[in-house]
Amino acid sequence: QVRPVESGGGLVQVGDSLTLPCTASGDPFTDFNVGWFRQAPGGQYELVAGITWNAGDLAYAESVKGRFTISRDNNGKRVYLRMNSLKPEDAAIYYCAAAFYGRDLNDPTSYVYWGQGTQVTVSS
């Protein structure tokens, strides 16, 4: 079973960069699509970025295109979310989740294994 574990969150300033690693505890991410979601206070879950099991397809929310980059390592242990030019509206709890390959990257119901989240706070 895959158990995503997020890390790297913290307090940053507007315009700063931050990288969030998601580490596979248990089975590796090798055969899984992986997505990063976020939830702001009082808000709903939002898909931020997704990457297929072979990195052949990527998905990004319109609000982060050009600023965020999702990537994965070759041994299936980690997926990264690189966040540049952070804005106050990027502040949220960020969650990493895994879906079986072949499922829709953009559909939150595709994701079956979820991490506990990591808080990102953006201060102006």
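Refer to the structure printed above.
Student: Even after reading the chapter, I still don't get the environment of Thr 118, so can you show me in this structure?
Tutor: Here Thr 118 shows up in strand S11 (residues 118-123). Overall, Thr 118 belongs to the buried group, its relative accessible area being 11%. C-alpha of Thr 118 to C-alpha of Glu 6: the two residues are 112 residues apart in sequence and 6.0 Å apart in space. Not counting chain neighbours up to four residues away, the residues in contact with Thr 118 comprise Glu 6, Ser 7, Gly 8, Gly 9, Leu 20, Ala 92, Ile 93 and Tyr 94. A polar contact of 3.1 Å, which involves the side chain of Thr 118, links it to the backbone nitrogen of Gly 9.

Student: In this structure, what is going on with the nonpolar core? I would like to understand it.
Tutor: Within the largest apolar cluster, 28 residues are counted, with the highest numbers of intra-cluster contacts made by Phe 29, Trp 36, Leu 81, Met 83 and Tyr 94. Contributing elements (two or more residues each) for this core: strand S3 (18-26), strand S4 (32-39), strand S5 (46-51), strand S7 (68-72), strand S8 (78-83), strand S9 (92-100) and S11.

Student: Hey, could you run me through the packing of aromatic side chains in this one?
Tutor: In this description, an aromatic ring pair is defined by two values, namely the gap between the centres and the angle between the planes. One pass over the structure, following the stated rule, counts nine aromatic pairs. When the centroid spacing of 6.4 Å and the interplanar angle of 65° are considered together, the rings of Tyr 111 and Trp 114 count as edge-to-face. Under the relative-accessibility criterion, Trp 114 is labelled partly exposed at 32%. Three or more aromatic residues joined by ring pairs form one cluster here, namely Phe 37, Tyr 45, Tyr 95, Tyr 111 and Trp 114.

Student: Help me understand the pairing of S4, please; the structure alone is not making it clear to me.
Tutor: Looking along a regular strand, one sees side chains alternate from face to face of the sheet. Within S4, seven of the eight residues are buried, which leaves it mostly tucked inside the rest of the structure. Two strands pair when backbone bridges link them, and S4 and S9 are joined in this way by eight bridges, in the antiparallel orientation. In the strand pairing of S9, Gly 35 is matched with Ala 97. As consecutive antiparallel partners, S4 and S5 are separated by six residues, and within that stretch Gly 42 has a phi angle of approximately 75°, a positive value.

Student: Any chance you could explain the sheet that holds S3 here in plain terms?
Tutor: Backbone-to-backbone hydrogen bonds join strands into a sheet, with any given pair of strands oriented parallel or antiparallel. Taken together, four strands build an open sheet; the order of strands is S1-S3-S8-S7 and the sheet is antiparallel. Single-partner strands in this sheet number two, and they are strand S1 (2-6) and S7. The sheet shows a mean angle of 20° between the axes of neighbouring strands, direction not considered. In terms of strand pairing, S7 meets S8 through five bridges, oriented antiparallel. In the strand pairing of S8, Ile 70 is matched with Leu 81.

Basis of the calculations
- Residues numbered from 1 in each chain as written.
- Predicted model: local features only at pLDDT ≥ 70, side-chain atom pairs only at ≥ 80, totals over all residues.
- Heavy atoms only, no water.
- Helix = DSSP H or I, 4+ residues; strand = E, 2+ residues; numbered from the N terminus.
- Buried < 20%, exposed > 50% of the residue type's maximum accessible area, 1.4 Å probe, protein only.
- Contact = heavy atoms within 4.5 Å.
- Polar contact = N/O pair within 3.5 Å; in protein donor to acceptor, adjacent residues only side chain to side chain.
- Core = buried A, V, L, I, M, F, W, Y, C linked by side-chain atoms within 4.5 Å.
- Phe/Tyr/Trp six-rings, centres within 6.5 Å; stacked < 30°, edge-to-face > 60°.
- Pairing = 2+ DSSP bridges.
- Axes fitted to C-alpha atoms, helices over the stretch in contact; angles between N-to-C directions.

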